Amino acid sequence: MIITIDGPAGAGKSTVARGLARKLGFQFLDTGAMYRAVALAGLRGNIDWGRPDDLARLATTLNIELAGDRIFIDGEDVSEAIRTQETTAVTRYSAANPDIRAYLVERQREMAAKADFVTEGRDQGTVAFPDAAFKFFVTASPEERARRRLLDLQRQGESASLKKVLEDQNRRDRQDSSRDVGPLLKADDAIEILTDGLTIDEVVERMASIVKAG
Ligand code: C5P
């Protein structure tokens, strides 16, 4: 069974997706980590961002593996490196690249065919798994999302201000919603959950009861 969770950055998707997967005994697929990994490889390879074909070619040479919370490129654990502000800033180049999207969506389908999965991203219910058994669209207000993102960054030892985080987030929201391929979009049949004021456990509980009710 596939359960998809889509929504904007900082809505708490990853945490609730992990929690839901654990509760149901499903595997968890963080598809944002895949776009980040390609961008990180581009940074490291000094790619010319103005040449999308070069990045697409590079993407197909990478062995990207996901194991629980960790992500590896060619065997190297890059779980922290993909979440720096530097990598986050260039991830739009992989996310807006149609060839890379097609390639990663194929990889996602291959992985998800092997077990029960909760998959998380922007296009999971619309593009990657339109026939998913359950689709959720998780949102929160921009201020709430920025506060959570700031806490995450501080936990990773990065310094940032709420103002900067909010500005970056607004820019990413615009990029996510306006790109031609795989834009952030709520599937018609997705259940929307606004997480402001809810704890992670409450959100997971709400989703799990919807799944159990069938
Ligand atoms: O979810 P996360 O913030 O890690 O995603 C990183 C970036 O990857 C997002 O800004 C988004 O543009 C992109 N993304 C995507 N499609 C997905 C998941 C993430 O385009 N399925």
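Heads up: the structure comes first, above all this text.
### Some thoughts on the nonpolar core
Link 1 in the chain: In this structure, Val38, Ile71, Ile82 and Ile100 are the most contacted members of the largest nonpolar core, which totals 29 residues.
Link 2 in the chain: Elements supplying a minimum of two residues to this core: α2 (31-44), α3 (52-61), β4 (70-73) and α5 (98-112).
Link 3 in the chain: Looking at this core, the element that brings in the most residues is α2, giving 7 residues.
Link 4 in the chain: Excluding its chain neighbours within four sequence positions, the residues that come into contact with valine 38 are Leu55, Ala59, Leu62, Ile64, Ser94, Ile100 and Leu104.
Link 5 in the chain: Core analysis: the next-biggest nonpolar cluster, separate from the first, contains 19 residues, Ile3, Ile193, Val204 and Met207 among them.

### Remarks on the pairing of strand β1 (residues 2-6)
Link 1 in the chain: Where burial is concerned, most of β1 is hidden: 5 out of the 5 residues are buried.
Link 2 in the chain: Here β1 shows no split at all, with Ile2, Thr4 and Asp6 on one side and Ile3 and Ile5 on the other all buried.
Link 3 in the chain: Sheet topology places β1 next to strand β6 (residues 117-121); 5 bridges connect them, and they run parallel. Looking across to β6, one finds that isoleucine 5 is bridged to glutamate 120.
Link 4 in the chain: With 4 bridges joining them, β1 and strand β7 (residues 134-139) adopt parallel strand pairing.

### Comments concerning helix α9 (residues 200-213)
Link 1 in the chain: In this model α9 runs 20 Å from its N-terminal to its C-terminal C-alpha over 14 residues, within 8% of the 20 Å that 1.5 Å per residue would give.
Link 2 in the chain: Taken together, the buried positions of α9 are occupied by Val203, Val204, Met207, Ala208 and Val211. When α9 is viewed along its axis, its buried side chains cluster within an angular range of 130° and face the same direction. Looking at α9, the residues exposed on the side facing more than 90 degrees away from the buried face are Asp201, Lys212 and Ala213.
Link 3 in the chain: In this fold, the buried residues of α9 make contact with β1, α1 (13-24), β7 and β8 (191-194).

Conventions we followed
Residues numbered from 1 in each chain as written. Predicted model: local features only at pLDDT ≥ 70, side-chain atom pairs only at ≥ 80, totals over all residues. Heavy atoms only, no water. Core = buried A, V, L, I, M, F, W, Y, C linked by side-chain atoms within 4.5 Å. Buried < 20%, exposed > 50% of the residue type's maximum accessible area, 1.4 Å probe, protein only. Helix = DSSP H or I, 4+ residues; strand = E, 2+ residues; numbered from the N terminus. Contact = heavy atoms within 4.5 Å. Pairing = 2+ DSSP bridges. Expected span 1.5 Å × (residues − 1). Arc of directions from axis to C-beta.

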